[in-house]
Amino acid sequence: MEGDVERYRKPTRILHWFHTGAFITLFLTGLILYVPPLAIIAQDSWTRIIHRIAAVIFIIGPLLYLVFNYKAALKGITEAFHWGQEDLGWLLAAPRYYFLNDEEAMPPQGHMNTGQKMWWLMVIVFSAVFVVTGIVMAFLKTVAPAVILQWSVVLHDIAFIATGAMFFVHVYLSVIHPLMRPLRTGAWSSMARGKVSVEYARSHHAKWYQEIASGQDEPGK
Ligand code: HEM
């Protein structure tokens, strides 16, 4: 198997970038609502309206993906919740790997390495938190008990801070960190054109590469 390896299929990539657009809009309009000195920008509540429209897009994207690609979606969700011994290996090797660029330190990784799985798991769990608490704040304000309303605000804020911080880590580790290069055939390429070079797949996801090269797993997700 020479040349390129398929890593993400078109529907997955469309969902990723569609969701990214909604996420960034929600993040920026959420920041304006959350940080008091920015409140001046929120005059006339237009940021609140955009926040709600982006929230609908944020929910609809994954739902459509789930309906039309349920097999791939279930496989992907299973991947996020599948943790084992090799994840401990990643945790121990991560400081040398990411801070000293020591590729030898990292044990062979599957389709997603442990760090990617952590982000993916966070996206699933916190998206559910955003949706449930957002619905309470948007539609049940007048009927929900005060304690539920207060907890919704707190949990929505925690999800906002956690995913906001991890979003920057995700962007750094996906496209800026030197080990994820070259852009044309490395991590960026996997979400941009769906493919990475065989060399990249072998060095960054050796376990996954072995599985697809031996036919145990399909390449694109
Ligand atoms: C401009 C912003 C973003 C950039 C540049 C970016 C880039 C990427 C890239 C290059 C990958 C493929 C990594 C690989 O498999 O080798 C990826 C994967 C992924 N992205 Fe993003 N992404 C962005 C925003 C987001 C947002 C907002 C979310 C979620 C709300 C997200 C969720 C994911 C998930 C779950 C994966 C699969 C797991 C992983 O590789 O971490 N991304 N992203």
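Heads up: the structure comes first, above all this text.
My aim in this report is to walk through the structure given alongside it, one point at a time. Keep in mind that what you see is a predicted model, and the values were worked out from it rather than measured.

Definitions and limits used
Residues numbered from 1 in each chain as written. Predicted model: local features only at pLDDT ≥ 70, side-chain atom pairs only at ≥ 80, totals over all residues. Heavy atoms only, no water. Axes fitted to C-alpha atoms, helices over the stretch in contact; angles between N-to-C directions. Helix = DSSP H or I, 4+ residues; strand = E, 2+ residues; numbered from the N terminus. Parallel < 35°, antiparallel > 145°, perpendicular 65-115°, else oblique. Left-handed = near helix turned anticlockwise from the far one by under 90°. Contact = heavy atoms within 4.5 Å. Nonpolar A, V, L, I, M, F, W, Y, C, P; charged D, E, K, R; others polar. Core = buried A, V, L, I, M, F, W, Y, C linked by side-chain atoms within 4.5 Å. Buried < 20%, exposed > 50% of the residue type's maximum accessible area, 1.4 Å probe, protein only. Polar contact = N/O pair within 3.5 Å; in protein donor to acceptor, adjacent residues only side chain to side chain. Donors = N, O, S within 2.8 Å, 3.2 Å for Na, K, Ca; no water.

Brief notes about the packing of helix α3 (residues 70-81) against helix α5 (residues 114-139)
- In the contact formed by α3 and α5, the axes pass within 8 Å of each other and the chain directions differ by 115°. As summarised for this structure, α3 and α5 are arranged roughly perpendicular, according to the angle between their axes. The way α3 lies across α5 gives a crossing that is left-handed. Two secondary-structure elements touch here, α3 through Gly76, Ile77, Glu79, Ala80 and Phe81 and α5 through Lys117, Trp120, Leu121 and Ile124.
- Along the lines of polarity and charge, the residues of the contact of α3 with α5 split into six nonpolar, one polar and two charged.

A few points about the nonpolar core
- Within the largest apolar cluster, 17 residues are counted, with the highest numbers of intra-cluster contacts made by Val5, Tyr97, Tyr98, Met180, Ala201 and Tyr209.
- Secondary structure elements with two or more residues in this core: α4 (85-100), α8 (198-204) and α9 (206-213).
- Of the residues forming this core, the biggest block, five residues, is contributed by α4.
- Those residues in contact with methionine 180 that sit more than four places away from it in its chain are Tyr97, Tyr98, Leu173, Ser174, Gly186, Ala187, Tyr200 and His204.
- In terms of nonpolar packing, the next biggest core, distinct from the first, is built from 14 residues, Val123, Phe126, Ala159 and Phe167 among them.

A look at the side chain of glutamate 79
- Secondary-structure assignment places glutamate 79 in helix α3.
- Within the structure, glutamate 79 has its side chain in polar contact with the backbone nitrogen of methionine 112 (distance 3.3 Å).
- In contact with glutamate 79, not counting residues within four places along its chain, are His111, Met112 and Lys117.

Some points on the coordination of the iron atom of the ligand
- Protein-derived ligands of the iron atom of the ligand are His16 (NE2) and His170 (NE2), with the metal-ligand distances lying across 2.0 Å.
- The class of histidine 16 is partly exposed, set by a relative accessible area of 23%.
- According to the relative accessible area criterion, histidine 170 is partly exposed, its value standing at 24%.

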